[in-house]
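Chains, contacts and geometry: an overview
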Amino acid sequence: MKSTQVYYIGLILVAVIWGVNFGISRFAMEVFSPEIFVFLRFGLALPILFGILKWTEGSVKVEKRDLIKLAIIGFFGVTLLEILVMYSIKYTTLANASLLNVAPWPIFAALFAPFFTKEVMTPRLAIGGLVALVGVVLIILGGEDGFDFSSQYMLGNMLALAISFIGALYNLSCMPLMTKYSPLRVSAWCILFGSIFLTPVTIGGWQEIQWTEFTIGVWGAIAYNVLLCTVAAFVIWNVSMNKVGAAKANFYRYFVPASAAVTGSFFFNEPILITQIIGGIVIIFGLAWIATERKHIPVQVSESMK
């Protein structure tokens, strides 16, 4: 536990950063379309990522045979995933999108992990994950907006569920590449291809931006998304995931709705109900149970993925 403690802290930190961003991004949405904002987030992060990569590792190259893999991962894990996030929120309620986006993601990761790595689903991981999942449900459904089963939200619900599935496969598909390249290099190249594929989506939206109306809050939201949500978060998450395993790491996404609820209360005076507080405590217990697993299971790439 002690040898991996810093990586668990890293996973929690990233989950908090992503959760806080639900509130912060609202400021930017006042002047940007979602497509433009997502493109700016990743596009502005690219020179920073490649600059750090060049400075720390001396080169930014990858082998030509890996470019297709990185392009596919970037398309699904950045371009398609971010577009689905935007439209899932558009076609369903925020509570529905939050639950179906966050809750199944670690479960899909644990189920499909054997196809990408030699990780093992241990009883402690299964029990801790189930406990944390209960906490997530309490936080999301314990708020003022409960889950809505209306048929009018079916499309959005399916898109939100697809996010969990694609996101889990995105995380897992990075694992074999991170046995060959650093997490920073994998992150940089995936975001590069993801940004390239995002470019056509933004055509026609730039002329609508009123650059002169930018407030400090909007600039701050952009800086937060670029520096913390993308540059810092992607690298820290991939480094930590590579050390503790994708299946185990993805359960720490359950801190996202907890931090999002706190942010909503702080910035927008959204009430935090007792059920949500209990849910946060339950998540902490479940993930603490996972993190204290004594037996270390080495994360190795499946032979079929080499």
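Computed from a predicted structure; not experimentally measured.

Moving on, we get to the overall build of the protein chain. Assigned secondary structure in the protein chain consists of twelve helices and zero strands. Along the protein chain, helices (α) and strands (β) appear in the sequence α-α-α-α-α-α-α-α-α-α-α-α when read from the amino end. Going through the 306 residues of the protein chain one by one, you find that 53% of them count as buried. A fraction of 92% describes how many contacts in the protein chain between residues 6 or more apart in sequence connect residues 24 or more apart. Carbon together with sulfur atoms contributes 70% to the accessible area of the protein chain, which is approximately 14600 Å² in total.

A pair of packed helices is captured by two measures, namely the crossing angle of their axes and the spacing between those axes. Where helix α2 (residues 34-57) contacts helix α8 (residues 183-202), the axes come no closer than 9 Å and their chain directions differ by 150°. Relative to α8, the element α2 is oriented roughly antiparallel. Seen from above, α2 lies across α8 with left-handed handedness. The residue makeup of the contact of α2 with α8, split by class, is 16 nonpolar, five polar and three charged.

Counted under the stated rule, the structure contains 14 aromatic pairs. A ring pair is formed by F50 and W189, whose centres lie 5.6 Å apart and whose planes are at 80°; its orientation type is edge-to-face. You can see F50 sitting in helix α2 and its partner W189 sitting in helix α8, a full 139 residues away along the chain. Each member of the pair, F50 together with W189, is buried. Each ring, one from W189 and one from F193, has its centre 6.1 Å from the other, and the planes form 35°; the classification is tilted. Of the two residues, W189 and F193 both sit in helix α8, four residues apart, roughly one turn of that helix. You can call W189 buried: its relative accessible area is 14%. Members of the aromatic cluster, connected to one another through ring pairs, are W18, F42, F234 and W237. R124 extends its terminal NZ or CZ atom over the ring of W289, reaching a point 3.8 Å from the ring centre.

Where helix α6 (residues 123-141) meets helix α12 (residues 274-291), the closest approach of the two axes is 7 Å, and the angle between their N-to-C directions is 165°. On the basis of their axis angle, the class for α6 and α12 is roughly antiparallel. When the axes of α6 and α12 are compared, the crossing they make is left-handed. Taken together, the residues of α12 that come into contact with α6 (itself represented by R124, L125, I127, G128, G129, V131, A132, V134, G135, V136, L138 and I139) are T275, Q276, I278, G279, G280, V282, I283, G286, L287, W289 and I290.

Attention shifts here to the confidence of the model for the protein chain. This prediction gives the protein chain a mean pLDDT of 83; 89% of its residues lie at or above 70. Looking at the elements of the protein chain, mean pLDDT is at its lowest for helix α4 (residues 94-102), recorded as 73, and at its highest for α8, recorded as 93. Between residues 295-306, whose pLDDT stays under 50, and residues either more than four places distant or in other chains, the model counts 31 contacts.

Next up on the list: the pattern of salt bridges. Tallied over the entire structure, the rule returns five salt bridges. Between K69 and D66 there is a salt bridge; the shortest N-O distance is 3.9 Å. Here K69 pairs with D66, and both are found in helix α3 (residues 64-91), just three residues apart, close to one helical turn. For K69, a relative accessible area of 41% translates into the label partly exposed. In this structure D66 comes out as buried when scored by relative accessible area, which is 3%. The partner of D66 in a salt bridge is K180, and the shortest N-O contact between them spans 2.8 Å. Within this pair, whereas D66 is found in helix α3, its partner K180 is found in the loop between α7 (154-177) and α8, the two being separated by 114 residues in sequence. Through salt bridges with shared partners, a single network forms among E63, R65, D66, K69 and K180.

Okay, the environment of P271 next. The topology assignment puts P271 in the loop between α11 (255-268) and α12. Judged by relative accessible area, P271 falls into the partly exposed class, the value being 41%.

Definitions and limits used
- Residues numbered from 1 in each chain as written.
- Predicted model: local features only at pLDDT ≥ 70, side-chain atom pairs only at ≥ 80, totals over all residues.
- Heavy atoms only, no water.
- Helix = DSSP H or I, 4+ residues; strand = E, 2+ residues; numbered from the N terminus.
- Buried < 20%, exposed > 50% of the residue type's maximum accessible area, 1.4 Å probe, protein only.
- Contact = heavy atoms within 4.5 Å.
- Areas by Shrake-Rupley, 256 points an atom, 1.4 Å probe, with all protein chains shown as cover.
- Axes fitted to C-alpha atoms, helices over the stretch in contact; angles between N-to-C directions.
- Parallel < 35°, antiparallel > 145°, perpendicular 65-115°, else oblique.
- Left-handed = near helix turned anticlockwise from the far one by under 90°.
- Nonpolar A, V, L, I, M, F, W, Y, C, P; charged D, E, K, R; others polar.
- Phe/Tyr/Trp six-rings, centres within 6.5 Å; stacked < 30°, edge-to-face > 60°.
- Lys NZ or Arg CZ within 6 Å of the ring centre and 35° of its normal.
- pLDDT = per-residue confidence, 0-100.
- Salt bridge = Lys/Arg side-chain N within 4 Å of Asp/Glu carboxyl O.

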